Amino acid sequence: NVYQHCNRGDPCLVGYQRMLFDFRDMALPIPVLLTEFGCVDPSFQNVGQYEAQRDFRQVPTLFSQEFAEHFAGALAFEYSTERWNAILAGSEYPFTRWGYGNYGVGYFSPADCNHGNTTCTYVPFPQFDNLAQEFSLVSASSIPDLDDYDPPQWEYPECPARFNDTLANIPWGSADVPDDGCAWWPTDLVCPNTPPECLNPTLAPTDEPLPSSSPTQTVSTHPTSSPTSAPSIEITPAPTTSPTPLSSESPS
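Residues numbered from 1 in each chain as written. Predicted model: local features only at pLDDT ≥ 70, side-chain atom pairs only at ≥ 80, totals over all residues. Heavy atoms only, no water.

Asks: Before we go on, may I ask you to explain the confidence of the model for the protein chain in this structure?
Replies: Atom-level detail of predicted coordinates should not be read off regions where pLDDT is low. When pLDDT is averaged along the protein chain, the result is 73, and 65% of the positions lie at 70 or above. The element-level mean pLDDT for the protein chain is lowest in strand S5 (residues 217-220), coming to 37, with strand S4 (residues 121-124) highest at 97. Across residues 201-252, where pLDDT falls below 50, the model places 72 contacts with residues more than four positions away in sequence or in other chains. (pLDDT = per-residue confidence, 0-100. Helix = DSSP H or I, 4+ residues; strand = E, 2+ residues; numbered from the N terminus. Contact = heavy atoms within 4.5 Å.)

Put into structure tokens, the structure is as follows:
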């Protein structure tokens, strides 16, 4: 997920060019799929009653021949506004106001529809047409298919030399904090009539009460690309049990 070009006043898409250089240096043995793009920002133009409608000027760059040498396309985020995220960001239904959580290019109506006993109808925002227009100007034929693919190597690459010292010197505060195991949550989360012998003994319910108070941490729900402050959620960490080592796998 790469959110660049968050400001309508940036015509050069410098962030994407830097990303291209970095991935080209890494010489990955497989193509990279950009799974999300499409920053929201109040600098985009208002269209009718809808604020800050994205222009999706990233599309020609992301689907250019130059990018197709290293990337296997990109997915615009997202088809439908997630109602709760939009409301948290101050954009109430029907989502005419700009909000950092309103990433949809459309929304479902009415507000209480559930795709069940209340039928949902998709309503596109003006930015839906902007995205469609940009996609109509590019061709996926520039992206090689499997028969055309000839990887430069079959082994995982080494970390580019210019990153080695930088990454090694980053202080990771979490490395000095003991890992917390998962506490057992209320028994109503166990399927009814589950035989006791089927429960993981390390997770089985106990008569020991959970601590009534713990230090709290404030976790921001605000995406890094948004220019405005966001509400925070107070989270009480689970009580420490036996340490559980973290996975050594790299994030995708």
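Asks: How should I be thinking about the environment of Asn114 in this particular structure?
Replies: For Asn114, the position within the fold is in the loop between strand S3 (106-109) and S4. Judged by its relative accessible area of 41%, Asn114 is partly exposed. Polar contacts involving the side chain of Asn114 include one to the side chain of Asn117, which spans 2.7 Å. Within polar-contact distance, the side chain of Asn114 engages the backbone nitrogen of Thr118 at 3.0 Å. (Buried < 20%, exposed > 50% of the residue type's maximum accessible area, 1.4 Å probe, protein only. Polar contact = N/O pair within 3.5 Å; in protein donor to acceptor, adjacent residues only side chain to side chain.)

Asks: Looking at this structure, I do not really get the side chain of Arg54. What am I missing?
Replies: Structurally, Arg54 is set in the loop between strand S1 (32-37) and helix H2 (59-62). Despite being buried, Arg54 has no salt bridge partner; Glu78 is the closest side chain of opposite charge, sitting 7.4 Å away. There is a polar contact of 2.6 Å between the side chain of Arg54 and the backbone oxygen of Gly38. Engagement of the side chain of Arg54 in a polar contact is seen with the backbone oxygen of Tyr103, the distance being 2.6 Å. Arg54 has contacts with Gly38, Cys39, Val40, Phe44, Phe77, Glu78, Tyr103, Gly104, Val105, Gln127 and Asn130, leaving out every residue within four places of it along the chain. (Lys, Arg positive; Asp, Glu negative; His and termini not counted. Salt bridge = Lys/Arg side-chain N within 4 Å of Asp/Glu carboxyl O.)

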